[in-house]
Amino acid sequence: MLFNPRSHFKNGVLLAAIGAIATLPVLAETVNFGTLSLAPGFGSPTAVMRGSTGGSYSLSAIANADRHKNKCLGFATPTPDHIIVLQQNFSKLTIQVNSGGKDTTLLVQGPGNAVRCGDDTGQNKDAGIVDSDWQAGSYKIWVGTLEPGVKSNYTISVRE
């Protein structure tokens, strides 16, 4: 027999299941350089992550301004460079980029798509964010540069 209804039904169910799985959102976030999980009183006074800039994706496509009306500037990759998972709420955090004096920018997108952006800090051209009321959850971090495609190595330090 050339046509077997049972065989076609089984194949149809299998294809429907594969299609349903393919349309599920990806649960694991992809990042360029890594994920850091922090709880209040984390091990050392500073948590450090490393990476490099170099994208041409405009960070203003994520947000023009943050929750404090700071402009979101710079160019990075569309994929976040890092993710920080806060296991509990933090009353205050400082996130500081150190690229050895290059002109960097910073965009942090947290729970509920709340955005924080940073540019120069004081006399330093490296970006930083000092803010309060960090809710528990996952924060995507992009480190950018003012000009697209500029490559620089950096570290990010996080302090309570």
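Not measured: the values here are computed from a predicted model. (Residues numbered from 1 in each chain as written. Predicted model: local features only at pLDDT ≥ 70, side-chain atom pairs only at ≥ 80, totals over all residues. Heavy atoms only, no water.)

Description of the packing of aromatic side chains
Then, number 1: All told, the structure shown has three aromatic pairs when counted by the stated rule.
Then, number 2: Measuring from ring centre to ring centre gives 6.5 Å for Phe33 and Tyr154, while their planes differ by 85 degrees; the resulting arrangement is edge-to-face. A residue pair is termed long-range when its members are at least 10 positions apart, and Phe33 in the loop between α1 (5–23) and β1 (34–38) and Tyr154 in strand β12 (residues 153–159) qualify at 121 residues.
Then, number 3: Overall, the relative accessible area of 38% leaves Phe33 in the partly exposed class.
Then, number 4: With relative accessibility at 3%, the residue Tyr154 sits in the buried group.
Then, number 5: For the pair Trp134 and Tyr139, a centre-to-centre distance of 5.4 Å together with 55 degrees between the ring planes defines the contact as tilted. Accessibility classification places Trp134 together with Tyr139 in one group, the buried group.
Then, number 6: Above the face of the Trp134 ring, Arg116 is positioned so that its terminal group lies 3.7 Å from the ring centre. (Phe/Tyr/Trp six-rings, centres within 6.5 Å; stacked < 30°, edge-to-face > 60°. Helix = DSSP H or I, 4+ residues; strand = E, 2+ residues; numbered from the N terminus. Buried < 20%, exposed > 50% of the residue type's maximum accessible area, 1.4 Å probe, protein only. Lys NZ or Arg CZ within 6 Å of the ring centre and 35° of its normal.)

Considering the nonpolar core
Then, number 1: Counting residues in each nonpolar core, the largest one holds 22 residues, and the members touching the most others are Leu38, Leu106, Trp134, Ile156 and Val158.
Then, number 2: Residue assignment for this core shows that the elements contributing at least two residues are β1, β2 (47–52), β5 (82–86), β6 (90–98), β7 (104–109), β10 (124–134), β11 (137–145) and β12.
Then, number 3: Per-element accounting of this core gives the leading share, four residues, to β6.
Then, number 4: Here Leu38 is in contact with Ala47, Ile84, Val85, Leu86, Gln87, Gln88, Phe90 and Val158, once residues within four sequence places are set aside. (Core = buried A, V, L, I, M, F, W, Y, C linked by side-chain atoms within 4.5 Å. Contact = heavy atoms within 4.5 Å.)

A closer look at the state of the cysteines
Simply put, the disulfide is a covalent bond whose two ends are the sulfur atoms of two cysteines.
Then, number 1: Across all of its chains, the model carries one disulfide by this definition.
Then, number 2: The disulfide partner of Cys72 is Cys117, and the gap between their sulfur atoms is 2.0 Å. Judged by the sign of its S-S torsion, about 85 degrees, the cystine formed by Cys72 and Cys117 is right-handed. Pair noted here: Cys72 is in the loop between β3 (57–58) and β4 (75–76) and Cys117 is in strand β8 (residues 115–118), with a separation of 45 residues, a long-range link. Here Cys72 matches Cys117 in class, with each residue buried. (Disulfide = S-S within 2.5 Å.)

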